Amino acid sequence: MTSPTVKLNSGHQMPLVGFGLWKVNNDTCADTVYNAIKSGYRLFDGACDYGNEQESGQGVARAIKEGIVKRSDLFLVSKLWNSFHDHDRVEPICKKQLEDWGIDYFDLYIVHFPISLKYVDPSERYPPGFTYDGKNVVPGNATIQETWTAMEKLVSKGMAKSIGISNFNGQLLMDLLRYAKIPPATLQIEHHPYLTQEGLVKFAQSQGIAITAYSSFGPQSFLELDMQRAKDTPLLMDNATVKKTAEKHGKTPAQVLLRWATQRDVAVIPKSNNQGRLAQNLDVTGWNLEKSEVESISGLDKGLRFNDPLNYGVPQPIYV
């Protein structure tokens, strides 16, 4: 089983269901990617900040070498970290990331956050994280327009087939669309029944921008980070509405949460190390929830965001 695809405004096809590489351990990452490819996954969502791009590339290389897939069968995604937003830093870091993956191009390259931080040389610390010196958050000087112009050049140079954004709100997206010569193909956001962001989703889709949801299971993704907000929030998997819907359809709560997104044309990127759940997470497109069920799950919205740097205890920026 493989995922159906959605056509991006760049003309390329993107799988509606992919595999997210956030928090995949380095020692298991290569095998995890390889096994996910064997299970039918074709989209892999990585990032500089995840610190596992070399291992992800090793898993891809093994699958290609064994003839399971060709490079053209895969849709490989990575992200530009905040420390590399300066115009002249974008291409070199993208080139490094391509080398780490062992590939010639990204199918999609994304601006990870609309935040510019002071440059950290990769030879000193990589990935650099939010801090400049391990203690202080120091903003950079790059505007989003400066960064996006450099992103567009990656397309013309063949380093990225499509470019996109992540963690942008509606106002920032509206501003970007004023000057973008190449509009973002995708917008990746935290999206689950506790944080539906319906206005943002509708606006982006109306502009021909595909939405990708991360953290589709809400607080569950953040428990292992020891985040208090996540620990204080009831698990979506245990929610009565979600469980009742799952029982009715003979599916798991996780499948219902993922189908709630894909049925509304929102792509998803769950991860699992369990072979059975790998298959289950792919099976979230060939059956439908009733309209009333979609509405009931959407009704769980609390505007509750987990992926906020302040929730991680990231220090306040130092403006100088």
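Predicted, not measured: the structure shown is a model, and the values here were computed from it.

Cut-off values and rules
- Residues numbered from 1 in each chain as written.
- Predicted model: local features only at pLDDT ≥ 70, side-chain atom pairs only at ≥ 80, totals over all residues.
- Heavy atoms only, no water.
- Helix = DSSP H or I, 4+ residues; strand = E, 2+ residues; numbered from the N terminus.
- Contact = heavy atoms within 4.5 Å.
- Salt bridge = Lys/Arg side-chain N within 4 Å of Asp/Glu carboxyl O.
- Buried < 20%, exposed > 50% of the residue type's maximum accessible area, 1.4 Å probe, protein only.
- Polar contact = N/O pair within 3.5 Å; in protein donor to acceptor, adjacent residues only side chain to side chain.
- Pairing = 2+ DSSP bridges.
- Right-handed = clockwise from strand over helix to strand, strands pointing away.
- Core = buried A, V, L, I, M, F, W, Y, C linked by side-chain atoms within 4.5 Å.
- UniProt positions renumbered as here; feature names shortened; annotations may be inferred.
- 1 Å grid on protein atoms, 1.4 Å probe; cavity = no way out; pocket = protein on both sides within 12 Å on 5 of 7 lines; lining within 4 Å.
- Points joined across faces, edges and corners; volume = space filled by probe spheres on them.
- Nonpolar A, V, L, I, M, F, W, Y, C, P; charged D, E, K, R; others polar.

Asker: Sorry if this is basic, but what is going on with the side chain of Ser215 here?
Answerer: If you trace the backbone, Ser215 turns up in the loop between strand E9 (210-214) and helix H7 (220-223). Discounting chain neighbours no more than four positions away, the residues touching Ser215 are Trp22, Glu190, His191, His192, Ser221 and Phe222.

Asker: Just to check I follow, could you spell out the pattern of salt bridges for this structure?
Answerer: Once the charged atoms of two side chains with opposite charge are near each other, the side chains can pair. Applying the stated criterion across every chain, the model contains 13 salt bridges. Across the salt bridge formed by Glu224 and Lys23, the nearest N and O atoms sit 3.3 Å from each other. Within this pair, whereas Glu224 is found in the loop between H7 and helix H8 (228-231), its partner Lys23 is found in the loop between strand E3 (19-20) and helix H1 (26-39), the two being separated by 201 residues in sequence. The class of Glu224 is exposed, set by a relative accessible area of 55%. Here the residues in one salt-bridge network are Asp31, Arg62 and Glu66, joined through shared partners.

Asker: Explain unusual backbone geometry here, please?
Answerer: Across residues other than glycine, the phi torsion is negative in most instances, and most of the peptide bonds are trans. The peptide bond linking Tyr126 to Pro127 adopts the cis configuration, its omega dihedral lying at -5°. Its place among the elements puts Pro127 in the loop between strand E6 (106-111) and helix H4 (144-156). Not every positive phi belongs to a glycine, and Gln197 is a case in point at roughly 50°. Mapped onto the elements of the fold, Gln197 is located in the loop between strand E8 (186-190) and helix H6 (198-206). Phi at Asp226 is positive, roughly 60°, even though this residue is not glycine. Within the secondary structure, Asp226 sits in the loop between H7 and H8.

Asker: Whenever I open this one, the side chain of His85 confuses me. Can you help?
Answerer: Topologically, His85 is positioned in the loop between strand E5 (75-80) and helix H3 (87-101). The exposure class assigned to His85 is buried, which follows from its relative accessible area of 3%. A distance of 3.5 Å separates a polar side-chain atom of His85 from the backbone oxygen of Ile115. Here His85 is in contact with Leu80, Val90, Val111, Phe113, Ile115, Ser116, Ala142, Glu146 and Thr147, once residues within four sequence places are set aside.

Asker: Honestly, the pairing of E5 in this entry has me stumped. Any pointers?
Answerer: Most of E5 is tucked away: six of the six residues are buried. Note that strand E4 (residues 43-45) and E5 share three bridges and pair parallel. Bridge assignment links Leu43 to a residue of E5, and that residue is Phe75. After leaving E4, the chain enters helix H2 (residues 53-65) and then returns to the sheet as E5, a path that is right-handed. Bridge count for E5 against E6 is four bridges, and the pairing is parallel. Counterpart to Val77 in the pairing with E6 is Leu108. Considered for its hand, the β-α-β crossover made up of E5, H3 and E6 is right-handed.

Asker: Which parts of the structure should I look at to understand the nonpolar core?
Answerer: Here is a general trend for soluble globular proteins: nonpolar side chains tend to be buried in one another's company. By size, the foremost hydrophobic cluster in this structure holds 84 residues, and its most contacted members are Leu21, Phe44, Tyr109, Trp148, Met151 and Leu187. Sort the elements by how many residues they give to this core and helix H10 (residues 253-262) lands first, with six residues. If we ignore the near neighbours within four places in the chain, the residues touching Tyr109 are Ser78, Lys79, Leu80, Ile93, Cys94, Gln97, Met151, Leu154, Ala160, Ser162, Ile163 and Gly164. Met14, Leu108, Ile110 and Tyr214 belong to the second largest nonpolar core, which has 13 residues in total.

Asker: Please clarify how the UniProt feature "site: Lowers pKa of active site Tyr" (unreviewed entry) in the protein should be interpreted in this entry.
Answerer: Residues given the UniProt feature "site: Lowers pKa of active site Tyr" (unreviewed entry) here are Lys79. Here Lys79 is to be found in strand E5. Taking relative accessible area as the criterion, Lys79 reaches 1% and is therefore assigned buried. Excluding anything up to four places from it in sequence, Lys79 contacts Asp45, Gly46, Ala47, Cys48, Tyr50, Gln97, Tyr109, Ile110, His112 and Gln188. In this structure the side chain of Lys79 is engaged in a polar contact, spanning 2.7 Å, whose partner is the side chain of Asp45.

Asker: How should I be thinking about the layout of surface pockets in this particular structure?
Answerer: Within this model, the largest pocket holds a volume of roughly 910 Å³. Around the largest pocket, the lining is made up of 37 residues, and of these Trp22, Lys23, Ser215, Ser221 and Lys271 lie nearest the centre. Elements represented by at least two residues in the lining of the largest pocket include exactly E9, H7 and helix H11 (275-282). The element best represented in the lining of the largest pocket is H11, accounting for three residues. Among the residues forming the lining of the largest pocket, the class breakdown is 15 nonpolar, 16 polar and six charged. The volume enclosed by the second largest pocket comes to roughly 320 Å³. Considering the residues around the second largest pocket, the lining is formed by 16 residues, among which Phe113, Pro114, Asn167, Phe168 and Arg305 are closest to the centre. Class assignment for the residues of the lining of the second largest pocket results in nine nonpolar, four polar and three charged.

Asker: It is not clear to me how the pairing of E6 should be interpreted in this structure. Could you clarify?
Answerer: Looking along a regular strand, one sees the side chains alternate between the two faces of the sheet. Within E6, six of the six residues are buried, which leaves it mostly tucked inside the rest of the structure. Where E6 lies against strand E7 (residues 160-166), five bridges are found, and the strand directions are parallel. Bridge pairing in E7 places Tyr109 opposite Ile163. Crossover connection from E6 via H4 to parallel E7: handedness right-handed.

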